[in-house]
Structures are given as C-alpha cells and as structure tokens.
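Fold and contact review
If you want the building blocks of each chain, they are given just below.
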Amino acid sequence: MKKCSKFLAGLLALTLAISAFAAPVKVQAATKTTTYTYDQKNGVAYQTAIRATEHSATNYSTSVYLLHEGAYITGLKSNSSNLIVKATRKTKAGEGGAIVPAVKGLAEGAGLKVSQSIGIFAKKKGTYTISFTVKNAANKKVCTKKIKVYVTDIESPTASFSYAGKKAEDGINMYAILSKKGSGKLSVKASPTYKIKSIAIATTMDEKNEPVYKTVKNGSKITLGTQTNYQMVFFTQDISRSDGYIYKSVSGRSYDLIYPTTVVKITYYDTKLKITTDYLRYIIYQNK
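Cut-offs used in this document
- Think of each chain on its own: its residues are numbered from 1, step by step along the sequence as written.
- With the structure being a predicted model, the display of local features is reserved for residues of pLDDT at least 70 and the display and counting of side-chain atom pairs for 80 or more, all residues being used for whole-chain, interface and lining totals.
- Heavy atoms throughout the structure, all of them, feed into the side-chain values; hydrogens and water do not.
- Take the buried Ala, Val, Leu, Ile, Met, Phe, Trp, Tyr and Cys residues and link them wherever side-chain atoms come within 4.5 Å; each set so joined is a nonpolar core.
- Relative accessibility thresholds used throughout: buried, under 20% of the residue-type maximum; exposed, over 50%; partly exposed, between the two (1.4 Å probe, protein chains only).
- Here a helix means four or more residues in a row that DSSP labels H or I, a strand means two or more in a row labelled E, and each is numbered from the N terminus.
- By definition in these notes, contact holds between two residues if any of their heavy atoms fall within 4.5 Å.
- Distance and chemistry together define a polar contact, namely a pair of N or O atoms within 3.5 Å, with one atom able to donate a hydrogen and the other to accept it when in protein, and with adjacent residues in sequence counting only for side-chain atoms on both sides.
- When DSSP finds at least two bridges between two strands, those strands are taken to pair.
- Every angle, taken between N-to-C directions, lies between 0 and 180 degrees, and every axis is a line fitted to C-alpha atoms, over only the stretch in contact when it is a helix.
- Every residue is assigned a pLDDT by the predictor, reflecting its confidence on a scale from 0 to 100.
- Each salt bridge in this description consists of a side-chain nitrogen of Lys or Arg and a carboxyl oxygen of Asp or Glu lying within 4 Å of one another.
- Pairing of aromatic rings covers Phe, Tyr and the six-membered ring of Trp, with a centre-to-centre limit of 6.5 Å; geometry is then stacked below 30 degrees between planes, edge-to-face above 60, and tilted otherwise.
- Like-charged residues within 9 Å of one another, or nonpolar side chains (Val, Leu, Ile, Met, Phe, Trp, Tyr) within 5 Å, are grouped into patches, provided each residue has over 30% relative accessible area and no salt bridge.
- The accessible surface values rely on the Shrake-Rupley method and a 1.4 Å probe; as for residues, cover is taken only from the protein chains in view.

By size, the foremost hydrophobic cluster in this structure holds 22 residues, and its most contacted members are Val 64, Leu 66, Leu 83, Ile 120 and Val 149. Of all the elements in the fold, those that place two or more residues in this core are β2 (44-47), β3 (49-53), β4 (58-66), β6 (83-92), β7 (114-122), β8 (126-135) and β9 (141-152). Apart from the residues within four sequence positions on either side, Leu 83 is in contact with Ser 78, Ile 120, Phe 121, Ala 122, Tyr 128, Ile 130, Val 149 and Val 151.

Notably, Ala 164 is not glycine yet its phi reads approximately 50°, a positive angle. Position of Ala 164 among the secondary structure elements: in the loop between β10 (158-163) and β11 (166-167). Using a relative accessible area of 18% as the deciding quantity, one classes Ala 164 as buried. The residue Thr 193 is not glycine, and still its phi comes out positive at about 75°. Considering the arrangement of structural elements, one finds Thr 193 in the loop between β13 (183-190) and β14 (194-205). With relative accessibility at 26%, the residue Thr 193 sits in the partly exposed group.

Here the focus is the environment of Asp 256. Looking at the secondary structure, you find Asp 256 in strand β18 (residues 246-256). Along the sequence, Asp 256 and Tyr 230 sit 26 residues apart, while their C-alpha atoms lie 6.2 Å from each other. Non-local contacts of Asp 256, meaning those with residues more than four positions away in its chain, are made with Thr 228 and Asn 229. Polar side-chain contacts of Asp 256 include one of 2.9 Å to the side chain of Thr 228.

Here we take up the environment of Val 212. Inspection of the secondary structure puts Val 212 in strand β15 (residues 211-216). Leave out the neighbours within four places in its chain, and Val 212 touches Ile 201, Ala 202, Thr 203, Thr 204, Met 205 and Asp 206.

To continue, consider the sheet that holds β9. The mixed open sheet is built from four strands, whose spatial order is β3-β9-β8-β5. The two strands at the open ends of the sheet, each matched to only one other strand, are β3 and β5 (72-78). The average angle at which neighbouring strand axes cross in this sheet is 30°, direction not considered. Two strands pair when backbone bridges link them, and β8 and β9 are joined in this way by 10 bridges, in the antiparallel orientation. When the sheet's bridge partners are listed, Phe 132 is paired in β9 with Lys 145.

Confidence in the prediction for the protein chain averages 85 pLDDT; 85% of positions are at 70 or higher. Confidence drops under a pLDDT of 50 for residues 1-29, and excluding neighbours within four residues, the segment shows 42 contacts in the predicted structure.

To continue, consider the pattern of salt bridges. By the definition in use, this model includes four salt bridges. In this structure, Asp 270 and Arg 51 form a salt bridge, with 2.7 Å as the shortest nitrogen-oxygen distance. In this pair, Asp 270 sits in strand β19 (residues 261-270) while Arg 51 sits in strand β3, placing the two residues 219 residues apart along the sequence. Accessibility classification places Asp 270 together with Arg 51 in one group, the buried group. Close ionic contact of Asp 278 with Lys 265 constitutes a salt bridge, the shortest N to O distance being 4.0 Å. Of this pair, Asp 278 sits in strand β20 (residues 275-285) while Lys 265 sits in strand β19, placing them 13 residues apart in sequence. Take Lys 265: its relative accessible area is 9%, and that puts it in the buried class.

Here we come to the sheet that holds β14. Spatial strand order, β12-β20-β19-β14-β15: five strands in an open sheet with mixed pairing. Pairing within the sheet leaves two strands with one partner each, and these edge strands are β12 (176-179) and β15. Geometrically, the sheet is characterised by an average inter-axis angle of 30° between neighbouring strands, direction not taken into account. Inspection of the sheet shows β14 paired to β15 by five bridges, in the antiparallel sense. Bridging across to β15, Ala 202 finds its partner in Tyr 213.

Attention now moves to the packing of aromatic side chains. What the rule picks out here adds up to four aromatic pairs. Each ring, one from Tyr 36 and one from Tyr 65, has its centre 5.9 Å from the other, and the planes form 45°; the classification is tilted. A residue pair is termed long-range when its members are at least 10 positions apart, and Tyr 36 in strand β1 (residues 36-39) and Tyr 65 in strand β4 qualify at 29 residues. Given a relative accessible area of 14%, Tyr 36 falls into the buried group.

The subject of this paragraph is a nonpolar patch on the surface. Nonpolar side chains collect at one region of the surface, where Met 232, Phe 234 and Val 250 lie side by side and expose about 320 Å² of accessible area between them. Relative to the elements of secondary structure, Val 250 occurs in strand β18.

If you want it as structure tokens, here you go:
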C-alpha cells in the first residue's frame, strides 16, 4: 500500500465521523430510496428485493422486523442450491421497549419487537428468491413473504472515481482521493445496472454542521474547499437519577481536520432494485 495510505485511512475515519452527523439531503416523496415495505396488518417489515455479491458471505444481508412480541420467522429457504440462506442474529426488545429499524422512518412509532437478520452466500450469479413464514407467539402461521435476490459481481455502484487525473484505488482509497491540486476535473463512471442521476459537492458546512451541496456536471472542473475547522455540534439528552430527578446533559464536538476535505455526493438509480441511493466519496486537499 502506498505511503499515504495510513494517513488517508485516519483522515478518512475522521471525515466519515463528520458525515455521520450530517443529515441526508432531502428528496421528493415520490423518490423510492429503499425496498423495505411494511405489512401493517400482519406486523412484518421486510425488503422485497436485495443485492448480493457472488462468492461473498455475509451474516447480515437483510433484516426482517416483527411487530408482535413472541413472533418469529420459520421455514426460511432459497429456491436454488446456488444460494445459501440462514437466519442469523436475532434481537428482541426489552420489556416496554421497541426495535428501531435500520431504515429511518420505517414503521416509525409501530413499536417493533423483533429483528431477525438473514445471511446469504451466493455460489453463482443470477436472480433468486428467498421465502419465509411468520408465526405468532402461539405458533400459528401469520403470513409468508418472499425476497428477490440479485446476485452479481458488482461490489459498488461506482465503477471509477477520479479527480484532476488521479483515480481512486482499491481498499480504503476507493472512497477518497488525496490531491495537491486545488482544482481539477471530476469524473465518475457508474457500474453496470446503475445510472448516475446527479453529482453534487460540498466544500462547507452550514450552521447545523450539515454539508452545503451544489450540483456539478460529471466531467466538469471543480474547486476544492479550503476549510478545515467546523463548529461545535451540540447534543442534549435527559438523564434520570435514582432519586427520580431528571436533568439535561449537554455535550458537544468540534472538528479541525488536518487537510480540507470536499464531500462528493453521487446519486445513483439502481435499475435492479428500482431505488435511488446516495453514495459519498471524498477529495482531500493536501494544501501544505
């Protein structure tokens, strides 16, 4: 790995920490951003379709959320021997608690009680179907659901990402480019089965510490940001003492990066899942 890799990994980790506090850019209600659906009648939230990579095993390919305490999934199976499926991690809410879905807003306020992860391993590329049955606490069948699985050799919607003639490489560097040039041509190429809908860059943050994006054309010349210092982000929470007294705790974080970092937000349309998703990449300006 190149000499800058360790430095880049550390800087990228801090940059990712900042982006974690930034709310995603709002999209129109008509834009579909997830395949999750919620069957309120039967109390089941699940993905109708997912992607997977050939010859790559993962224990958490998708999760099924159940509304009723004591409910569980059974009869999990694949329609092909080339797709191995298994129910893996199961999470139950504590007394009076609820599961928070991985997808923001999914069944919000529904008080989900169970989260069941499903792991898969695909031996070959292709399109497969996973099916499972939901049963209640009395072991009575509630419903049967199916999930379509698209298996390809594509690991990222981004086929290539380059700035000022420098291309992002494999590993940690595929998400960021370290450059000594303050301006240059930005170029992004989508992987097969993905389409680029738009590209935007953020060189500054607003008063809420959220990236301020502006749309740019693919292949156009951009100017990198020069800011490294970001204001304090405050968090407020109520803390209860054993004597019943409740008080507010306020904490905060501020950031001063080693080098200015420009965030590149690429919006893709997934032609398989029929959803629109944002992916972030970073250009780190090595200006000293």
